[in-house]
Amino acid sequence: MLNIAPLSYTASKEKAEAFCSSNIALCKYWGKRDEVLNLPTNSSLSISLGKLGTRASICIGESDMLMIGGKPIATQSAEYTRLFTWINSLLGNNRPCLYIHTFSNIPIGAGVASSASSFGAILKAMNSFFGWQLNDSLLAHFARLGSGSAARSLSRGFVYAKAGIDSNGVDFNVITLPQTWSEFRVGILYVSRAKKPVSSRDGMKLTVQTSPTYKGWVEYAENCCDEMIKAIQVKDFTKVGEITERNALTMHGTMMGCSPPLIYMLPKTLEIIQKVQQLRSQGIEAYATVDAGPNVKLVFLKKDEQSIKESFPTCEIISPFESAF
Ligand code: PMV
């Protein structure tokens, strides 16, 4: 376990606010090697979504309260329990009651990493509210305890989360790649805004326990990260795109081999992926990726932005290196 002094819970101000971008993994993390420490089995690499994310505010309340987008969340709900269990693990049970409000400009629980930006924003807000002044490495560790992908949301651009092998997680590490890529684009195609039927946590557990190809996934996923870092360094977009699409499809294949099968994609998801493949045969270089949900994210370069808009008029396009953080 990391040797961390208990975090203080004396408020340094009346209220604190923070924003955290969401992120999309180009090389996905799927599977935990420690459920309590929330340690990933494999490394992952993501791109920040700039202005898409979550704003969180925090102040002292008379009782714990969580509001999401202006709506109070029931104390028995999974979201409420998950959040305050995480906060108790950081502050202990004698902490003051907290009133936490989050606003996300991305759909919650639909595979667009809303938990990453929510936990990231709440952690940043707490860091300011309690005056902790935690360094990036500690922030990443605490964010990860709430949500695996949240550790990657604290930074911008390409972010590599190295899984490590130490049982206490001391070698888990989050590295922001120095490369920027102003032409890089991410497109989001919403297939469904409904909440996913199986949470990532439960889906990962099922995959680790029952998928016959899980071991192969872990080895392959590590290799994807190494290759992706090299491709980003030399700005080889074809390589970046190919790794991105294949990594996602391999993850979904691994999930589909579960007992019972785990299928997050919908028919429309596959239709989009096939259309993207067709576009490539016409010289429009876009690649698809899908998280634990049916929505599709595309990666492409600025030169193909117009063609993507024509092919997918509803596509929400993000310029990760041009948006304000
Ligand atoms: O952050 P979590 O624990 O909900 O898991 C995220 C899992 C994927 O989105 C499917 C992949 C990833 O690395 O973001």
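Residues numbered from 1 in each chain as written. Predicted model: local features only at pLDDT ≥ 70, side-chain atom pairs only at ≥ 80, totals over all residues. Heavy atoms only, no water.

Here's the deal with helix 5 (residues 200-210)
Reasoning step 1: Listed in full, the buried residues belonging to helix 5 are Gly-203, Met-204, Leu-206 and Thr-207. In an axial view of helix 5, the angular spread of the buried residues amounts to 165°, which keeps them on one side of the axis.
Reasoning step 2: Buried residues in helix 5 make contact with strand 2 (32-34), helix 6 (214-233) and helix 7 (237-256). (Buried < 20%, exposed > 50% of the residue type's maximum accessible area, 1.4 Å probe, protein only. Helix = DSSP H or I, 4+ residues; strand = E, 2+ residues; numbered from the N terminus. Arc of directions from axis to C-beta. Contact = heavy atoms within 4.5 Å.)

Some remarks on the site of the ligand
Reasoning step 1: Close contacts around the ligand come from 15 residues, with Tyr-29, Ser-147, Ser-149, Arg-152 and Asp-291 the closest.
Reasoning step 2: Take Ser-147: an N or O atom from its side chain is 3.1 Å from an oxygen atom of the ligand.
Reasoning step 3: Separating an oxygen atom of the ligand from a side-chain N or O atom of Ser-149 is a distance of 2.4 Å.
Reasoning step 4: In isolation the ligand offers 390 Å² of accessible surface; the protein chains occlude 92% of this area.
Reasoning step 5: Residues that form the shell around the ligand fall into these classes: six nonpolar, five polar and four charged.
Reasoning step 6: If you count residues domain by domain, the shell around the ligand takes at least three from each of domain 1 (16-176) and domain 2 (184-318). (Near = heavy atom within 4 Å. Polar contact = N/O pair within 3.5 Å; in protein donor to acceptor, adjacent residues only side chain to side chain. Areas by Shrake-Rupley, 256 points an atom, 1.4 Å probe, with all protein chains shown as cover. Nonpolar A, V, L, I, M, F, W, Y, C, P; charged D, E, K, R; others polar. Domains from an automatic or database assignment.)

Topic: the packing of helix 2 (residues 114-129) against helix 3 (residues 136-146)
Reasoning step 1: Two elements in contact, helix 2 and helix 3, have axes whose closest approach is 9 Å; the angle formed by their N-to-C orientations is 130°. Comparing the axis directions of helix 2 and helix 3 gives the class oblique. For the pair helix 2 and helix 3, the sense of crossing is right-handed. When helix 2 is examined against helix 3, the residues Phe-119, Leu-123 and Asn-127 are found in contact with a partner set consisting of Leu-139, Phe-142, Ala-143 and Gly-146.
Reasoning step 2: Taken together, the residues of the contact of helix 2 with helix 3 break down into five nonpolar, two polar and no charged. (Axes fitted to C-alpha atoms, helices over the stretch in contact; angles between N-to-C directions. Parallel < 35°, antiparallel > 145°, perpendicular 65-115°, else oblique. Left-handed = near helix turned anticlockwise from the far one by under 90°.)

Some words on unusual backbone geometry
The phi angle of most residues is negative, glycine excepted, and most peptide bonds adopt the trans form.
Reasoning step 1: Here the amide bond leading from Ser-259 into Pro-260 is cis, since omega sits at -5°, within 30 degrees of zero.
Reasoning step 2: Mapped onto the secondary structure, Pro-260 falls in the loop between helix 7 and helix 8 (267-281).
Reasoning step 3: One non-glycine residue, Gln-133, adopts positive backbone phi at about 55°.
Reasoning step 4: For Gln-133, the location among the structural elements is in the loop between helix 2 and helix 3.
Reasoning step 5: Residue Gln-133 is classed as exposed on the basis of its relative accessible area of 75%.

Topic: the sheet that holds strand 11 (residues 287-290)
Reasoning step 1: With antiparallel pairing, four strands are arranged side by side in an open sheet as 11-12-10-13. Each edge of the open sheet is held by one strand with a lone partner, namely strand 11 and strand 13 (316-318). Each adjacent strand pair in this sheet contributes to an overall mean axis angle of 25°, direction not counted.
Reasoning step 2: Where strand 10 (residues 184-189) meets strand 12 (residues 296-301), six bridges bridge the pair, whose relative direction is antiparallel. Looking at the pairing, Arg-185 lines up with Phe-300 of strand 12.
Reasoning step 3: Contacts between helix 7 and the sheet are confined to strand 10, strand 11 and strand 12, with strand 11 contributing the most and set at about 35° to the helix.
Reasoning step 4: Most of the contacts of helix 8 go to strand 11, to which it runs at about 160°, and overall it touches strand 10, strand 11 and strand 12. (Pairing = 2+ DSSP bridges.)

Some remarks on the side chain of Ser-46
Reasoning step 1: Counting through the fold element by element, Ser-46 comes out in strand 4 (residues 44-60).
Reasoning step 2: Accessibility expressed as a relative area gives 1% for Ser-46, which makes it buried.
Reasoning step 3: Reaching out from Ser-46, the side chain makes a polar contact with the side chain of Arg-152 at a distance of 3.2 Å.
Reasoning step 4: The residues touching Ser-46, leaving out its near neighbours within four places in the chain, are Asn-23, Ile-24, Ala-25, Leu-26, Arg-152, Gly-157, Phe-158 and Val-159.

A look at the side chain of Ser-155
Reasoning step 1: You can see Ser-155 is positioned in the loop between helix 4 (150-153) and strand 8 (158-162).
Reasoning step 2: Within the local environment of Ser-155, its side chain forms a polar contact with the side chain of Thr-176, the two groups lying 2.5 Å apart.

Quick notes on the domain arrangement of the chain
Reasoning step 1: Taken as a whole, the chain is organised into domain 1 (16-176) and domain 2 (184-318).
Reasoning step 2: Relative to domain 2, the C-alpha centre of domain 1 lies at a distance of 22 Å.
Reasoning step 3: On the domain 2 side, the residues contacting the 31 residues of domain 1 number 46 residues.
Reasoning step 4: Carbon and sulfur atoms supply 66% of the area buried between domain 1 and domain 2, which totals about 3200 Å² over both sides.
Reasoning step 5: Contact with domain 2 buries area across many residues of domain 1, yet Leu-26, Lys-28 and Trp-30 alone supply 27% of it, more than any other trio.
Reasoning step 6: At the junction of domain 1 with domain 2, the criterion picks out one salt bridge.
Reasoning step 7: Ionic pairing is found between Asp-291 and Lys-28, a salt bridge with its closest N-O pair at 3.0 Å.
Reasoning step 8: Counting across the interface, domain 1 meets domain 2 through nine residue pairs in polar contact (both at pLDDT 80 or more).
Reasoning step 9: For the side of domain 1 that touches domain 2, the secondary-structure elements that each account for two or more residues are strand 1 (15-27), strand 4 and strand 8. (Buried area = accessible area lost by both parts, 1.4 Å probe. Salt bridge = Lys/Arg side-chain N within 4 Å of Asp/Glu carboxyl O.)

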